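The lines below spell out each chain.
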Amino acid sequence: MVKMKSFLVILLIILLFTLVSCQDQQNDSVEENGNHDYENSEQEDIIEFEEDEDPIEDHESDKEGEENASQEDTKEEVVNPEEVNANELGDVMVLMYHHISEPEDTWVRTPDNFRQDLQNLYDLDFRPVSLEDYAKGKINLEAGMKPVVLTFDDGRQNNFNMIEDQTGEWIIDPDSAVGILVDFHEENPDFPLEATFFINGGTPFGQEEFVRDKLEFIVANGMDIGNHSYTHANFTDLDAEELQRELGRLTKMVREYLPDYDVNTLALPFGSRPGKEELQTYLHRGGYDDIIYEHIAILEVGWQPYFSPYHINFDPLKIQRVRASEMNVDNVGMYDWINHFETGNRRPFISDGSKNTISFPKEHYEYFNESMETDRKANPF
Ligand SMILES: [Zn+2]
């Protein structure tokens, strides 16, 4: 009888042990799956142009991946901001490119120089953020990284060119801006594919037969299309109706290609603003036909880095840019400012790696915009 009892006890222990280990395995496999999804979303970042039948749909699944990623991010590691010299009140370069072509000139960057710019930025810990994230103060970079915004004006064919390869297949020209950005991101996945292309009406990026594919590709891969007015107009002498037609007509054109995409940023053509103060509002928002447009960021031509979105002087409707060039830049080109950042003459924005805090040396507290609407908490140190 005693023997029977102890046999039953042993059996029960074995049974319990088996149950517990089964549960452990289950937990493990859930965790593995979670990681697996996340890795997938990273790998499938770039949508192949030629194979892509519905890039918008693919982007949706990409977004799910991002949501998974942000869920994981809630367990973010806390980094001592002092250790990474965090300064989230420092300046941000919004780089302005035009042509990517040969030979190098005032408004032309050669493909090789553009590649070298990306490499230099990468090596100095700059990472691209979208113009929208910058304007809204949603800069999410690893601790110690510096945001940079990449912009391209005028929608030239050399910004996004399609060529036929030896097999007769149409591919993205590896020497066009988009080709270079995509290749660089594939080689360096921690350099996000973020850039805004400010286009005009007509045939953006040339090649009539590819306009739709190109616009879809840009948006599906997380890059953006911005407003540069329909006819590249000089705004100085336009009246209210003309301004709204220039801006609304461009928005309307993009919506015909991409019904779900909102053009919400503007780069002023020639850096021009209407002369009359009461007309400035039409740069921000207005209407044309059945279109209502609203720009959350307005970019000047400019010549210097602009304020952190958390800085008291930041105005998203007056963002200055830096010319991404070395020719005729009058000592205010991108490399001049990079030097000033490196030598400490000017302080760059350096991320604390957290989505919950805005970290900066406490002696800069007077520059912190306390009335800014954000979930992030000031973290002076
Ligand atoms: Zn322009």
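So, how was this worked out
Residues numbered from 1 in each chain as written. Predicted model: local features only at pLDDT ≥ 70, side-chain atom pairs only at ≥ 80, totals over all residues. Helix = DSSP H or I, 4+ residues; strand = E, 2+ residues; numbered from the N terminus. Buried ≥ 20, exposed ≤ 12 C-beta atoms within 10 Å, placed from the backbone. Contact = placed C-beta atoms within 7 Å. Axes fitted to C-alpha atoms, helices over the stretch in contact; angles between N-to-C directions. Left-handed = near helix turned anticlockwise from the far one by under 90°. Nonpolar A, V, L, I, M, F, W, Y, C, P; charged D, E, K, R; others polar. Pairing = 2+ DSSP bridges. Core = buried A, V, L, I, M, F, W, Y, C linked by C-beta atoms within 7 Å. Expected span 1.5 Å × (residues − 1). pLDDT = per-residue confidence, 0-100. Arc of directions from axis to C-beta.

(A) Quick look at the overall build of the chain. Counting secondary structure elements, the chain contains nine helices and 16 strands. When each of the 381 residues of the chain is scored for burial, the buried share is 37%. In the chain, 68% of the contacts between residues at least 6 apart in sequence involve partners at least 24 apart.

(B) Here's a closer look at the packing of helix 3 (residues 111-123) against helix 5 (residues 177-187). Two elements in contact, helix 3 and helix 5, have axes whose closest approach is 10 Å; the angle formed by their N-to-C orientations is 35°. Helix-helix and strand crossings are classified by hand; for helix 3 and helix 5 the assignment is right-handed. Every residue of helix 5 that contacts helix 3 at Pro111, Phe114, Arg115 and Leu118 is listed here: Ala177, Ile180 and Phe184. Broken down by class, the residue content of the contact of helix 3 with helix 5 amounts to six nonpolar, no polar and one charged.

(C) Region of interest: the pairing of strand 11 (residues 285-288). Sheet topology places strand 11 next to strand 12 (residues 291-294); four bridges connect them, and they run antiparallel. Counted as the bridge partner of glycine 287 is isoleucine 292 from strand 12. Counted along the chain from strand 11 to the antiparallel partner strand 12, the turn is two residues long, and its residue aspartate 289 has a positive phi close to 50°.

(D) Structural detail: the nonpolar core. Within the largest apolar cluster, 73 residues are counted, with the highest numbers of intra-cluster contacts made by Met93, Val94, Leu95, Val149, Ala177, Leu299 and Val322. Sequence-distant contacts of valine 94, that is, excluding residues within four places in its chain, are made with Val149, Thr151, Leu299, Tyr306, Ile319, Arg321 and Val322.

(E) Highlighting unusual backbone geometry. Look at the link from glutamate 102 to proline 103: it is a cis peptide, with omega at -15°. For aspartate 330, which is not glycine, the phi torsion reads 50° and is therefore positive. Counting through the fold element by element, aspartate 330 comes out in the loop between strand 14 (322-323) and helix 9 (334-343). C-beta crowding within 10 Å serves as the criterion here: with 8 such atoms nearby, aspartate 330 is assigned to the exposed category. Even without a glycine there, the phi angle at asparagine 331 is positive, about 65°. Residue position: asparagine 331 is located in the loop between strand 14 and helix 9. Judged by the 9 C-beta atoms lying within 10 Å of it, asparagine 331 falls in the exposed class.

(F) The arrangement of helix 7 (residues 240-257) in detail. In this model, helix 7 (18 residues) spans 26 Å end to end at C-alpha, consistent with the 26 Å of a helix rising 1.5 Å per residue. Leu243, Gln244, Arg245, Glu246, Leu247, Gly248, Leu250, Thr251, Met253 and Val254 are the residues of helix 7 that are buried. On its buried side, helix 7 packs onto helix 6 (211-220), strand 9 (224-227), strand 10 (265-267), helix 8 (281-284), strand 11 and strand 12.

(G) Up close: the environment of aspartate 315. Examined against the element boundaries, aspartate 315 turns out to sit in the loop between strand 13 (297-299) and strand 14. The class for aspartate 315 is exposed, based on 12 C-beta atoms found within 10 Å. When the C-alpha atoms of aspartate 315 and alanine 135 are compared, they prove to be 8.5 Å apart, with 180 residues separating the residues in sequence.

(H) Broad picture of the environment of phenylalanine 114. Among the structural elements, phenylalanine 114 can be located in helix 3. By the C-beta count within 10 Å, which is 21 here, phenylalanine 114 ends up buried. In this structure the C-alpha to C-alpha distance between phenylalanine 114 and serine 176, which are 62 residues apart in sequence, comes to 9.8 Å. In this structure phenylalanine 114 touches Ile100, Arg109, Ala177 and Ile180, once residues within four positions along its chain are discounted.

(I) Representation of the confidence of the model for the chain within the structure. For the chain, the mean per-residue pLDDT works out to 87, and 80% of the residues sit at or above 70. Under a pLDDT of 50 for its full length, residues 18-43 has, in the predicted model, twelve contacts with residues more than four places off or in other chains. Below a pLDDT of 50 lies the segment residues 51-71, which in the model reaches 23 contacts outside its immediate sequence neighbourhood of four places, other chains included.

(J) Region of interest: the environment of isoleucine 338. As for its placement among the helices and strands, isoleucine 338 is situated in helix 9. The spatial distance from the C-alpha of isoleucine 338 to the C-alpha of leucine 124 is 9.0 Å, given a sequence separation of 214 residues.

(K) Geometry of helix 9. Within helix 9, the full set of buried residues consists of Met334, Trp337, Ile338 and Phe341. The arc enclosing the buried residues of helix 9, seen along the axis, measures out at 105°, which places them on a common side. Residues Asn339 and Thr343 are exposed on helix 9 and point more than 90 degrees away from its buried face. Of the surrounding elements, those touching the buried residues of helix 9 are strand 1 (93-97) and strand 14. Trailing helix 9 by a residue or two, glycine 344 shows a phi angle of about 90°, which is positive.

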